[in-house]
Amino acid sequence: MVLRSCGAAVPDKVLTNEDLSARLDTSDKWITERTGIRERRIGGTASSLAIDAGRQALERAGLTGADIDVVIVATATGDAVTPSTAAIVQDALGTAGAAFDLNAACSGFVYGLVVAAGLIATGSGRILLVGSEVLSRITDWDDRTMAVLVGDGAGAVVLEPAEGEGNLLSANLNGDGSLRQLLTCDHGGYLAMDGREIFRRAIRVVVESAERALGDAGIRAQDVALFVPHQANLRIITAAGQRLGIPIERTAVVIDRYGNTSSASIPLALEEAARMGRVHEGDLVLLSGFGGGMTWASALLRWGP
Ligand code: UT7
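What comes next concerns the included structure. (Residues numbered from 1 in each chain as written. Predicted model: local features only at pLDDT ≥ 70, side-chain atom pairs only at ≥ 80, totals over all residues. Heavy atoms only, no water.)

### A few points about the overall build of the protein chain
Within the protein chain one finds ten helices and 13 strands. Compactness check: the protein chain gives a C-alpha radius of gyration of 18 Å against a globular reference of 19 Å for 305 residues, within 12% of the reference. Dimensions along the principal axes, computed over C-alpha positions, put the protein chain at roughly 55 × 45 × 40 Å. Going through the 305 residues of the protein chain one by one, you find that 55% of them count as buried. Across the protein chain, the fraction of contacts at a sequence separation of at least 24, relative to all contacts at a separation of at least 6, is 77%. In the structure as shown, the protein chain presents an accessible area of about 12,400 Å², 48% of it carried by carbon and sulfur atoms. Charge separation in the protein chain, taken as the distance between the mean sites of 27 positive and 36 negative side-chain charges, equals 6 Å. (Helix = DSSP H or I, 4+ residues; strand = E, 2+ residues; numbered from the N terminus. Rg over C-alpha atoms; globule rule 2.2 N^0.38 Å. Buried < 20%, exposed > 50% of the residue type's maximum accessible area, 1.4 Å probe, protein only. Contact = heavy atoms within 4.5 Å. Areas by Shrake-Rupley, 256 points an atom, 1.4 Å probe, with all protein chains shown as cover. Lys, Arg positive; Asp, Glu negative; His and termini not counted. Charge placed at Lys NZ, Arg CZ, Asp CG, Glu CD.)

Here's what the structure looks like:
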């Protein structure tokens, strides 16, 4: 499987820490020091953001919707229970074949990557994989513990069959449903979580699954050119990087501008890194996500055509 292009989309509306401090008992100092977030984007729908990100990924690959055989949208905030958000994306972009959503919370993009690799291995053609979320829609904006964390956005990649090894060197998908109460949102309700407990577990599971992905590919952390972790908290990102032995200079960080965008956070960070020329052909790129479920997952890519 080859990753051919990336795309991204965020809403225009910027919500700063000052904006939130004006209406909630919080402060720019608290939010910045505890989370690394300075502002976030708010607005749109999972489908509108996914369509924009998907269209950009297609354009950058020089493709049209007709060249895509499967659309997968990783999301926990789809437009409706049914139809799937992927069905709306399929119609808008004019893609052929299959379209479905995947919900593994903040691990959704890495889960989607592995699902896509499996589909391609069993004969599927090109796949448009999108992580798209509008967490703002399931957030109680009077609850300071959640309101300061979330943001909206989407990131997309075009994946296609490859001759030989391809870009995906190793991956692991993990979950522990007995921990599902740590992060919840009922139908029609709002996000709620045990932040401290997730924080404690997140660092451990990110390090564990990232090290497994590296070990399975016979790669050392020091040889990773770019670490692209889920963007939930800068302190989690920094602590996981330190334990892995990957410095912040080799880590993709977008949480300061986008907050936690769940399944969109890894592809948003990956797209920015690719656009800014931070990854080159042959570079090793380590993705690692964790979130509700609990789920956690890592994938190791070799960047290139
Ligand atoms: O996407 C995957 C799932 N989510 C996560 O990965 C989130 C993981 N958890 C976290 O990132 C952190 O636990 C939080 C950012 C959610 C919270 O940071 P913390 O350092 O764990 O803070 P805390 O919950 O221990 O709260 C510390 C204090 C408390 O006050 P007291 O009891 O010490 O007086 C809170 O009431 O901070 C207070 N607090 C706030 N103060 C100002 C909580 N939220 C806020 C706020 N503004 N927004």
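### Side note on the sheet that holds strand β1 (residues 2-9)
Read across the sheet, five strands follow the order β1-β7-β6-β4-β5 without closing on themselves; strand pairing throughout is mixed. A strand with exactly one partner marks an edge of an open sheet, and here the two such strands are β1 and β5 (98-102). Averaged over all pairs of adjacent strands, the angle between their axes in this sheet comes to 15°, without regard to strand direction. Contacting β1, β6 (127-134) and β7 (152-160), helix α10 (residues 265-275) runs over the sheet at an angle of about 105° to β1. (Pairing = 2+ DSSP bridges. Axes fitted to C-alpha atoms, helices over the stretch in contact; angles between N-to-C directions.)

### Notes on the pairing of strand β11 (residues 226-229)
Remember that side chains alternate between the two faces of the sheet whenever the strand is regular. Side chains L226 and V228 project from β11 onto one buried face, and the interleaved F227 and P229 project onto a second face that is buried too. Here β11 pairs with strand β12 (residues 284-291) via four bridges, running parallel. Paired with V228 across the two strands is L287, which belongs to β12.

### Examining the sheet that holds strand β8 (residues 168-175)
Taken in spatial order, the four strands line up as β8-β13-β12-β11 in an open sheet, and their pairing is mixed. Looking at the sheet topology across the chains shown, the edges are occupied by β8 and β11. Each adjacent strand pair in this sheet contributes to an overall mean axis angle of 10°, direction not counted. Note: β8 against strand β13 (residues 295-302), seven bridges, orientation antiparallel. In the sheet register, N174 faces β13, and the bridge partner there is W296.

### Here we look at the nonpolar core
Ranked by size, the top nonpolar core spans 38 residues in total, and within it L159, V228, L270 and L287 carry the most contacts. In terms of residue count, helix α5 (residues 108-121) provides more of this core than any other element does, seven residues in total. If near-sequence neighbours (up to four positions away) are discounted, V228 is found in contact with A252, I266, A269, L270, V285, L286, L287 and S288. Counting residues in each nonpolar core, the second largest holds 27 residues, with V206, I219, F227 and A240 among its members. (Core = buried A, V, L, I, M, F, W, Y, C linked by side-chain atoms within 4.5 Å.)

### Focus: the site of the ligand
Residues in contact with the ligand amount to 23 residues; listed here are only the nearest, T26, R34, R196, N233 and N260. At a separation of 3.0 Å, an oxygen atom of the ligand approaches a polar side-chain atom of H230. R235 places a side-chain nitrogen or oxygen 3.2 Å from an oxygen atom of the ligand. Protein contact buries 74% of the 950 Å² of open area that the ligand shows by itself. Elements supplying a minimum of two residues to the shell around the ligand: α2 (28-35), α6 (144-147), α7 (195-217) and α8 (234-244). In terms of residue count, the dominant contributor to the shell around the ligand is α7 (four residues). Within the shell around the ligand, the residues separate by chemical class into eleven nonpolar, seven polar and five charged. Each of domain 1 (2-160) and domain 2 (168-302) gives at least three residues to the shell around the ligand. (Near = heavy atom within 4 Å. Polar contact = N/O pair within 3.5 Å; in protein donor to acceptor, adjacent residues only side chain to side chain. Nonpolar A, V, L, I, M, F, W, Y, C, P; charged D, E, K, R; others polar. Domains from an automatic or database assignment.)

### Notes on the packing of helix α3 (residues 46-61) against helix α4 (residues 85-93)
Between α3 and α4, whose axes approach to 9 Å, the crossing angle comes to 45°. The angle between the axes of α3 and α4 places the two elements in the oblique class. Between α3 and α4 the crossing geometry is right-handed. Residue-level inspection shows A46, S47, A50, I51, G54, R55 and L58 of α3 in contact with α4, the latter providing T85, I88, V89, A92 and L93. Among the residues making up the contact of α3 with α4, the classes are represented as eight nonpolar, three polar and one charged. (Parallel < 35°, antiparallel > 145°, perpendicular 65-115°, else oblique. Left-handed = near helix turned anticlockwise from the far one by under 90°.)

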